[in-house]
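# Results of the structural survey
What follows is the residue order along each chain.
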Amino acid sequence: PQRAQLRELVRELAPLAEVVIATRSLHPRSADPDRIAAEFMTLVKEVRTAPDTLSAIALALQMAGPEDLVLATGSLFIVAEMLEWAGLAEVRDEL
């Protein structure tokens, strides 16, 4: 996302989060997780990065307690990868 779009997204999500795990989708133009993490650093208690969505979900589930909510958001590419991971979407090779 453009810097202004990223800042707006961070401003909306930061008050809802105790922990943020910034990652990137498989899309070649995905945003750099370090750049995303930097935007959250002063607003969220704990910020981490993960190199890909599978690593991010593994880390999130490892950190989450039984009463915690794990939310995957950002781009539609991230959401699609999470749906595939959860077995709720089919991978299509035609694209």
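Residues numbered from 1 in each chain as written. Predicted model: local features only at pLDDT ≥ 70, side-chain atom pairs only at ≥ 80, totals over all residues. Heavy atoms only, no water.

## A look at the overall build of the protein chain
Short version of the rule: Runs of H or I in DSSP of at least four residues are treated as helices and runs of E of at least two as strands, each being numbered from the N terminus. When we talk radius of gyration, it's over C-alpha atoms, and the globule rule is simply 2.2 Å times the number of residues to the 0.38. Per-residue accessibility, obtained with a 1.4 Å probe over protein chains only, is compared with the maximum for each type, and a residue is labelled buried under 20%, exposed over 50%, and partly exposed between these values. Residue contacts are defined here by distance: any two heavy atoms, one from each residue, within 4.5 Å place the two residues in contact.
Each helix and strand in the protein chain was counted, giving 4 helices and 2 strands. Taken from the N to the C terminus, the helices and strands of the protein chain come in the order α-β-α-β-α-α. In summary, the protein chain has a C-alpha radius of gyration of 13 Å against a globular reference of 12 Å for 95 residues, a match within 12%. Viewed in the frame of its principal axes, the protein chain has a C-alpha envelope of about 40 × 35 × 20 Å. Per-residue burial for the protein chain yields a buried fraction of 26% across its 95 residues. Here the analysis covers contacts within the protein chain between residues at least 6 apart in sequence; of these, 67% occur between residues at least 24 apart.

## Remarks on the pattern of salt bridges
Note the cut-off: By definition here, a salt bridge exists when the distance from a side-chain nitrogen of Lys or Arg to a carboxyl oxygen of Asp or Glu is within 4 Å.
What the rule picks out here adds up to 4 salt bridges. Its salt-bridge partner being glutamate 39, residue arginine 3 comes within 3.6 Å of it at the nearest N-O pair. Placement of the pair is arginine 3 in helix H1 (residues 3–13) and glutamate 39 in helix H2 (residues 33–40), with a sequence separation of 36 residues. Here arginine 3 falls in the partly exposed class, since its relative accessible area comes to 44%. For glutamate 46, the salt bridge is made with arginine 48, and the minimal N-O distance between the two is 2.8 Å. Arginine 48 gets classed as partly exposed once you look at its relative accessible area, which sits at 34%. Through salt bridges with shared partners, one network takes in Arg3, Arg7 and Glu39.

Spatial relationships are all this shows, so hold off on functional conclusions.
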